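What follows is each chain in one-letter form.
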Amino acid sequence: METRPPAIIPDATAFETVHVKWVKHWNDGLFSFAVSRPRSFRFRSGEFVMLGMPVDGKPLVRAYSIASPSYSDELEFLSIKVDDGPLTSRLQKIRTDDQLYLGRKPTGTLVSDALLPGKRLFMLSTGTGLAPFLSIMRDPDIYERFEQAIVVHSVRRVSDLAYYDEMTAQLAGDPLVQDEALLQFHYIPTVTREDFRTNQRIDKLIDNGSLFADPVRGPTTFDPETDRIMMCGSMDMIKQFSAYFDDLGFAEGSNAKPGGYVIERAFVG
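Residues numbered from 1 in each chain as written. Predicted model: local features only at pLDDT ≥ 70, side-chain atom pairs only at ≥ 80, totals over all residues. Heavy atoms only, no water.

Okay, the overall build of the protein next. A tally of helices and strands in the protein yields 8 helices and 11 strands. For the protein, the C-alpha radius of gyration of 18 Å lies close to 18 Å, the compact-globule estimate for 269 residues. Taken along its principal axes, the extent of the C-alpha atoms in the protein is 55 × 40 × 35 Å. Burial analysis of the protein (269 residues in total) assigns 55% to the buried set. A separation threshold of at least 6 residues defines the contact pool for the protein, and within that pool the share at least 24 residues apart is 74%. Just so you have it, the protein exposes about 12200 Å², and 49% of that area is on carbon and sulfur atoms. (Helix = DSSP H or I, 4+ residues; strand = E, 2+ residues; numbered from the N terminus. Rg over C-alpha atoms; globule rule 2.2 N^0.38 Å. Buried < 20%, exposed > 50% of the residue type's maximum accessible area, 1.4 Å probe, protein only. Contact = heavy atoms within 4.5 Å. Areas by Shrake-Rupley, 256 points an atom, 1.4 Å probe, with all protein chains shown as cover.)

Right under this line is the structure:
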């Protein structure tokens, strides 16, 4: 996921060179790609890393959430395309075997370690905010910690539903979690500006109870005692739902003090 502040040119010693392994363009505004993973690179599901390209001999970078599971031998990312973006205008043109710069130190607050134990994990996302949840939903530890893992993805167009087939199939074929996901993973996509079976914003799905309908099991409202929430997407969405969950009695969690919900602080300020 690309952050909103402008791209920056940092100290090159904080980066190493990696190679593009594949690129997939979902539509005219969205693409995924993967790079080679250095042997020393370790991260927790949900973390982000600085990623970029050489410009005038230096790395021009932004923070991107890692979309691949922590056991993968490649690092996958999901990005928007911005024609006049300092980095994205260049990044959307990458091809296999191109070189990119990868930060050496992944970090972030959108991790399960920042959540208290619970029964249901709701991952609420808009647009490319789906990226960290692509990693988290393929993490075997999630299915041990929670009885259900629910990804909610709100987009404007049907073609923006990246990874739709994989999630609709409940991660069938995943080498580590396919058996658990068949029983515990639920996917709720919604499209707000085109015809689709679900076309309401996330707040409306909560209000009318659709978010909690079968196959999701349990109460038809959020329960601060047993539900845990992760949020990633637009700043408006994050601010709206942070206030909403605060009012319900949820406490924001952090690496130092686990709570009932978490957001990626680096992306919203």
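With 14 residues, helix α7 (residues 235–248) extends 20 Å between its outermost C-alpha atoms, agreeing within 8% with the 20 Å of an ideal straight helix rising 1.5 Å per residue. Among all positions of α7, only Met237, Ile238, Phe241, Ser242 and Phe245 are buried. Along the axis of α7, the buried positions cluster into a sector of 125°, meaning they face one direction only. Residues of α7 that are exposed and point over 90 degrees away from its buried face: Asp236, Lys239 and Asp247. (Expected span 1.5 Å × (residues − 1). Arc of directions from axis to C-beta.)

Considering the arrangement of structural elements, one finds proline 117 in the loop between β6 (99–103) and β7 (120–126). Taking the C-alpha atoms as reference, proline 117 lies 31 Å from arginine 39; in sequence the two are 78 residues apart. If we ignore the near neighbours within four places in the chain, the residues touching proline 117 are Arg145 and Arg228.

Take the environment of phenylalanine 222 next. In this fold, phenylalanine 222 is placed in the loop between α6 (202–207) and β10 (227–232). Between the C-alpha atom of phenylalanine 222 and that of aspartate 56, which follows or precedes it by 166 residues, the distance is 50 Å. Apart from the residues within four sequence positions on either side, phenylalanine 222 is in contact with Phe122, Ile206, Leu211, Phe212, Asp227, Ile229, Tyr244, Phe245, Leu248 and Phe250.

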